Amino acid sequence: MGFFSRSKDNSANSSSASVDKTKPPATTDLYTVPPPGVKPTKKWTYDDDQLAQIKELEEYTKTLILPETDEYYPWEKRFLEDIGTHPRYMRASKWKMDNAKQRIKATIEWRREYKPELITPDDVSVEAEAGKIIISGFDKDARPIIYMRPGRENTETSPRQIRHLIYNLERAIDLMPEGQEQVAIIVDYKSATSSSNPSISTGLKVLHILQNHYVERLGRGLVVNMPWWINAFFSGIGPFMDPITRDKIRFNPKLTELISPDQLDCEYGGSYNYEFKHDLYWPTLTDFCCIVPADGTRVDKAGKAWIPPSGNGIVWALKQHGEQPTSALSSAGPYKDDDTATLAENLEKTTLDDKAAPAAAEPVAAPAPAEDVKA
């Protein structure tokens, strides 16, 4: 018995085994806003004591913030003014103030080193050329979907691979509709080999970043098409995985139960036949997030330097700025100026809720026996 218990259901590839071989017409359209009617369902509310703790943490971080003369000050201020930042760290720390202070201080220091908002598209573009990480579509709870395909690895192990992952996490946060704080990640090991898969050392670095510096950002981790050798990888990182993170990981789930077919790649049973072309995908994502490729500067639609507020996604930020997003697509088609009412309904603000137990942790449906897994 490995770190993750094995599922009683050995129909391993429910996520892909029953996929209709007849694919719909291919498209290069990215889905950058949820379809009409799809809104965040997870809500957090806080009692007076919890609100007081959040306020105390906010006051604490004010003592840590960089001086206004520092070049990174506007971005650190943006992170700390995100309406969800301090509540997420309190929840992740299980409302233990000392732990929350330690964790958010460590993240502030990490962000000063990595400067995730300032990673430039041009710096990590080569990592994106094979489509090993693609962001498009939303699950049934309006979480942006990040597809990770280790089998498409196209570069040697380097710090740039980590920057590429961080860059994509930041873009997924940009795509979150108002009221959403989390992402859904699909990891597909089809065509992956033990040499193309990240090492345990790299896996631990990624896990550390996700758990400690993007706290409460993972909504679902969905792992499909697992080869037999991947058990060693998960056994290696498993002991370092936070129980709440571990409980959000599901192996070989039926993805159409979690993601509407029109939002799910047809490779996994959906009707979205996305054709990856780097020269279309990369500039589309970059432009939608208002980023200048060469230096990572954020600009508004008039081309003026701009620091969009964080916390409710780029669509919301643009609306506050008096503008509309460029080339926003959902499965319902292009976003147009006259779609304001629909989008406003779709991105209706939710309140945060923390009284409930930790995010109805998805049960861990563990790896199926190797012989049942399609590599």
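For clarity, every value in this text was computed on a predicted model and none was experimentally measured.

At a minimum axis distance of 8 Å, the contact between helix 3 (residues 85–92) and helix 4 (residues 97–114) shows a crossing angle of 125°. Between helix 3 and helix 4, the angle is such that the two are oblique. Between helix 3 and helix 4 lies a crossing of right-handed hand. Between helix 3 and helix 4, the residues in contact are Thr 85, His 86, Tyr 89, Met 90 and Ala 92 and Met 97, Ala 100, Arg 103, Ile 104 and Thr 107, respectively. Broken down by class, the residue content of the contact of helix 3 with helix 4 amounts to six nonpolar, three polar and one charged.

Taken in spatial order, the five strands line up as 1-2-3-4-5 in an open sheet, and their pairing is mixed. Since the sheet does not close on itself, it has two edges, and those belong to strand 1 (133–138) and strand 5 (249–251), each with one partner. Strand after strand, the sheet turns through a mean of 20° between neighbouring axes, direction not considered. As judged from the three bridges shared by strand 4 (residues 218–224) and strand 5, these two strands associate in the parallel manner.

A few words on the pattern of salt bridges. For the structure on display, the rule yields 27 salt bridges. With its nearest N and O atoms 2.6 Å apart, the salt bridge here joins Arg 88 to Glu 181. Separated by 93 residues along the polypeptide, Arg 88 in helix 3 and Glu 181 in the loop between helix 6 (159–175) and strand 3 (183–188) bring together distant segments of the chain. For Arg 88, a relative accessible area of 4% corresponds to the buried category. Here the salt bridges do not stand alone but share partners, grouping Asp 82, Arg 88, Arg 91, Glu 181, Glu 216 and Arg 217 into one network.

Extensive coverage of strand 2 (residues 144–148) is indicated by the burial of five of its five residues. Residues Pro 144, Ile 146 and Met 148 of strand 2 are buried on one face, and the alternating residues Ile 145 and Tyr 147, pointing to the opposite face, are buried as well. Bridge count between strand 1 and strand 2: four bridges; the pairing is antiparallel. Across the sheet, the residue bridging to Ile 133 is Met 148, located in strand 2. The sheet contact formed by strand 2 and strand 3 spans four bridges and is parallel. Residue pairing across strands places Tyr 147 opposite Ile 186, the latter belonging to strand 3. Assessed by its sense of winding, the connection that carries the chain from strand 2 through helix 6 to strand 3 is right-handed.

Rules used in this analysis
- Residues numbered from 1 in each chain as written.
- Predicted model: local features only at pLDDT ≥ 70, side-chain atom pairs only at ≥ 80, totals over all residues.
- Heavy atoms only, no water.
- Axes fitted to C-alpha atoms, helices over the stretch in contact; angles between N-to-C directions.
- Helix = DSSP H or I, 4+ residues; strand = E, 2+ residues; numbered from the N terminus.
- Parallel < 35°, antiparallel > 145°, perpendicular 65-115°, else oblique.
- Left-handed = near helix turned anticlockwise from the far one by under 90°.
- Contact = heavy atoms within 4.5 Å.
- Nonpolar A, V, L, I, M, F, W, Y, C, P; charged D, E, K, R; others polar.
- Pairing = 2+ DSSP bridges.
- Salt bridge = Lys/Arg side-chain N within 4 Å of Asp/Glu carboxyl O.
- Buried < 20%, exposed > 50% of the residue type's maximum accessible area, 1.4 Å probe, protein only.
- Right-handed = clockwise from strand over helix to strand, strands pointing away.

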